[in-house]
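Summary of the model geometry
Each chain, letter by letter, is given below.
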Amino acid sequence: MDKIVIEGGTPLRGEIAISGAKNAALPLICACLLAPGPHILENVPDLRDVRTMLALLEALGATWKRDGATLTIDTANLNSFEASYDLVKTMRASVLVLGPLLARLGRARVSLPGGCAIGARPINFHLQGFKRLGVSHQLEDGYVDAVVDGQMVGATICFDFPSVTATENILMGAVMARGETVIKNAAREPEIANLVDMLNGMGARIRGRGGDTLLIEGVTRLRSARIRIVPDRIETGTLLIAVGATGGELSLSNGDSTMLPALYAKLRAAGVRVREDQDRVHVAGNGVVRAVDIKTMPYPGFPTDLQAQMMALMCFGQGLSLITETIFENRFMHVAELRRMGADIRINGPSAIVSGVGKLRGARVMATDLRASASLVIAGLAAEGLTQISRVYHLDRGYDDLVGKLSRVGAKIHREAE
Ligand code: UD1
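Source: prediction; values computed, not measured.

This part covers the packing of aromatic side chains. All told, the structure shown has 1 aromatic pair when counted by the stated rule. Taking the centre distance of 6.4 Å and the plane angle of 45° together, the rings of F125 and F159 count as tilted. Here F125, found in helix α5 (residues 124-132), pairs with F159, found in the loop between β10 (156-158) and α6 (164-174); they are 34 residues apart in sequence, far enough to count as distant. Of the two residues, F125 and F159, neither departs from the other in class, the shared state being buried. For the cation-ring pair, R109 lies above Y143, with the distance from its terminal atom to the ring centre recorded as 4.1 Å.

Rendered as structure tokens:
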């Protein structure tokens with residue numbers, strides 16, 4: 001297993017091309033199950049989660065080939081409707097095959113994702129939504145076995161909370177249902193708009209793109225897709241925050257400057273200079289950070305996937321920062337590791353109170369989940385001395401060559417066998 005070794009204290013300078021978004025690639029790969037294909041996905045990031053999703057599609061009978069960032073997926077010969085425990089346990093997003101399999105084959109058997117490091121993460125919204133569309137299910141041996149009773153029929157579904165993958169799953173399930181489906185309190189993340197564009201390009205009739213109400217008029221068949229994955233706003237945000245902590249100046253290309261309104265506002269309040277320029281974002285910092293309060297919210301609020309990274313930045317600040325996590329109940333795993341580097345953080349229920357200490361010291365720390373790993377990388381880049389981060393497979397799930405990208409803009413960072 002590899003570890004990441006960082007000699008901190010070097011400002012980042014240069015240009016980094018942002019990769020395609022993990023959280024768009026995963027649902028879009030699943031959407032390929034809806035019609036035989038071949039489907040072409042462009043700007044696909046090279047990530048462990050993407051490879052896991054492709055292994056899952058293969059287990060269902062699909063074939064694929066990758067040429068650089070372009071994936072061609074053929075799902076003409078599906079011969080299974082089961083997503084096994086071995087694949088689902090490593091990646092919760094595997095549950096996204098449920099909707100497409102029900103729409104195409106009328107049946108799906110998917111292992112329940114179970115808990116994960118950042119909380120319980122149930123799938124009750126997905127199952128309640130499918131029930132409204134005429135799907136019955138049983139839970140047995142840790143699997144949900146779902147069957148369409150006759151044909152899926154459109155219905156109005158109102159989520160208790162705007163869940164990202166539940167919105168995507170119901171969308172994919174409903175595109176070929178009879179009649180109209182309305183999803184109310186839908187999640188509005190840009191990755192869902194990417195999925196809507198793909199589905200409409202395949203012949204679906206979905207209105208309300210980007211809004212909290214989606215109207216889906218069922219169609220009888222879909223055709224092949226060709227779509228570009230949107231840029232990864234979480235990778236973008238992670239790099240912007242890194243510059244806030246280390247100082248320096250970066251230009252991020254191949255991005256979309258409209259996707260992170262809440263982060264820009266907070267970074268500016270913290271004293272980091274951010275300039276948006278269509279598909280580029282420029283960021284500059286001098287390592288001086290002002291404390292700001294953060295509360296995670298569904299899009300367009302502050303993303304929970306950037307909370308850990310922002311907390312690392314606040315450690316380098318002056319004053320008190322109140323960070324409140326409202327999406328997941330246990331997403332402070334990085335706190336204990338940041339404390340090992342000298343951070344002063346107290347947890348009080350869903351909030352963390354960070355007293356900026358101005359600087360951190362390098363230490364041996366352990367990655368606990370994907371975004372917690374990114375926060376430790378940021379802390380290590382700006383800390384004094386040597387930081388060693390073990391269990392980096394978490395980082396490989398969702399960042400495409402982060403170590404390579406950072407080292408090309410001046411960071412003293414490399415991987416090493418542990
Ligand atoms: C997605 C993202 C993840 C991000 C999260 C929140 C993907 C592949 N993953 O995860 O990176 O951190 O959105 O922005 O896109 N909930 C229920 N019942 C359900 C579904 C969700 O109670 O059936 C709860 C969850 O426990 C959580 C909240 O709703 O508290 C939001 O979760 P959700 O939006 O579903 O997250 P994911 O789609 O799993």
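What follows is about the nonpolar core. One finds L41, L171 and L199 to be the most contacted residues of the largest nonpolar core, which totals 79 residues. By residue number, the principal contributor to this core is helix α1 (residues 22-31), which donates 7 residues.

Glancing now at the sheet that holds strand β1 (residues 2-7). Strand order across the open sheet formed by 4 strands is β24-β25-β1-β26, with mixed pairing between neighbours. The open sheet is flanked by β24 (364-366) and β26 (412-417), the only strands paired with a single partner. Strand-to-strand, the axes of this sheet are offset by a mean angle of 25°, without reference to chain direction. Across 3 bridges, β24 lies against strand β25 (residues 386-390) in parallel orientation. Counted as the bridge partner of R364 is Q388 from β25. Across the sheet, helix α12 (residues 370-382) is in contact with β1, β24, β25 and β26; its angle to β1 comes to roughly 30°.

What follows covers helix α10 (residues 307-315). Of all the 9 residues making up α10, 9 are buried; the element is thus mostly covered by neighbouring parts of the structure. Buried within α10 are the following residues: Q307, A308, Q309, M310, M311, A312, L313, M314 and C315.

Applying the stated criterion across every chain yields a total of 20 salt bridges. Between D401 and R408 there is a salt bridge; the shortest N-O distance is 3.1 Å. Judged by its relative accessible area of 60%, R408 falls in the exposed class.

Another aspect to go through is the site of the ligand. Taken together, the neighbourhood of the ligand is formed by 18 residues, with N124, S163, T165, D305 and I327 sitting nearest. Side-chain polar atom of S163 to an oxygen atom of the ligand: 2.6 Å apart, as the coordinates give it. Within the backbone of I327, one N or O atom sits 2.5 Å away from an oxygen atom of the ligand. In isolation the ligand has 740 Å² of accessible area, and contact with the protein removes 88% of it. Of all elements in the fold, only α5 and α6 reach the threshold of two or more residues within the shell around the ligand. Counting residues per element, the shell around the ligand draws most heavily on α5, which supplies 3 residues. Residues of the shell around the ligand, tallied by class, amount to 8 nonpolar, 6 polar and 4 charged. When residues of the shell around the ligand are assigned to domains, at least three map to each of domain 1 (2-19 + 231-417) and domain 2 (22-228).

Inspection of α5 places F125, H126, L127, G129 and F130 among the buried residues, and these make up the whole buried set. Contacts from the buried residues of α5 go to α4 (98-105), β8 (135-140), β9 (143-148), β10 and α6. G134 lies just past α5 and shows a positive phi near 95°.

Bringing the environment of A174 into the picture now. As for its placement among the helices and strands, A174 is situated in helix α6. Residue class for A174 comes out buried when judged on its relative accessible area of 0%. C-alpha separation for the pair A174 and M202, spaced 28 residues apart in sequence, amounts to 14 Å. Ignoring any residue separated from it by four or fewer positions in sequence, one finds A174 in contact with L133, T181, I216 and G218.

Turning to the sheet that holds strand β22 (residues 344-348), a few remarks are in order. Pairing between sheet strands relies on hydrogen bonds along the backbone, with the strands arranged either parallel or antiparallel. Spatial ordering of the open sheet is given by β19-β21-β23-β22, a layout of 4 strands whose pairing is mixed. Unpaired on one side and paired on the other, β19 (294-295) and β22 mark the two borders of the sheet. Strand direction decides the pairing type here: β19 and strand β21 (residues 320-324), joined by 2 bridges, are parallel. Within the sheet, the bridge partner assigned to I294 lies in β21 and is I323.

Glancing now at unusual backbone geometry. For residues besides glycine, phi is generally negative; the peptide bonds are generally trans as well. Note that the residue after G37, namely P38, is joined by a cis bond; omega there is 5°. Within the secondary structure, P38 is located in the loop between α1 and β3 (39-42). Backbone torsion omega between Y299 and P300 reads 10°, so that peptide bond is classified as cis. Mapping P300 onto the fold places it in the loop between β19 and α10. For N185, which is not a glycine, the phi torsion comes out positive at approximately 55°. Structurally, the position occupied by N185 is in the loop between β11 (180-184) and α7 (190-201). Assessed through its relative accessible area of 29%, N185 is described here as partly exposed.

Quick notes on the rules
Residues numbered from 1 in each chain as written. Predicted model: local features only at pLDDT ≥ 70, side-chain atom pairs only at ≥ 80, totals over all residues. Heavy atoms only, no water. Phe/Tyr/Trp six-rings, centres within 6.5 Å; stacked < 30°, edge-to-face > 60°. Helix = DSSP H or I, 4+ residues; strand = E, 2+ residues; numbered from the N terminus. Buried < 20%, exposed > 50% of the residue type's maximum accessible area, 1.4 Å probe, protein only. Lys NZ or Arg CZ within 6 Å of the ring centre and 35° of its normal. Core = buried A, V, L, I, M, F, W, Y, C linked by side-chain atoms within 4.5 Å. Pairing = 2+ DSSP bridges. Axes fitted to C-alpha atoms, helices over the stretch in contact; angles between N-to-C directions. Contact = heavy atoms within 4.5 Å. Salt bridge = Lys/Arg side-chain N within 4 Å of Asp/Glu carboxyl O. Near = heavy atom within 4 Å. Polar contact = N/O pair within 3.5 Å; in protein donor to acceptor, adjacent residues only side chain to side chain. Areas by Shrake-Rupley, 256 points an atom, 1.4 Å probe, with all protein chains shown as cover. Nonpolar A, V, L, I, M, F, W, Y, C, P; charged D, E, K, R; others polar. Domains from an automatic or database assignment.

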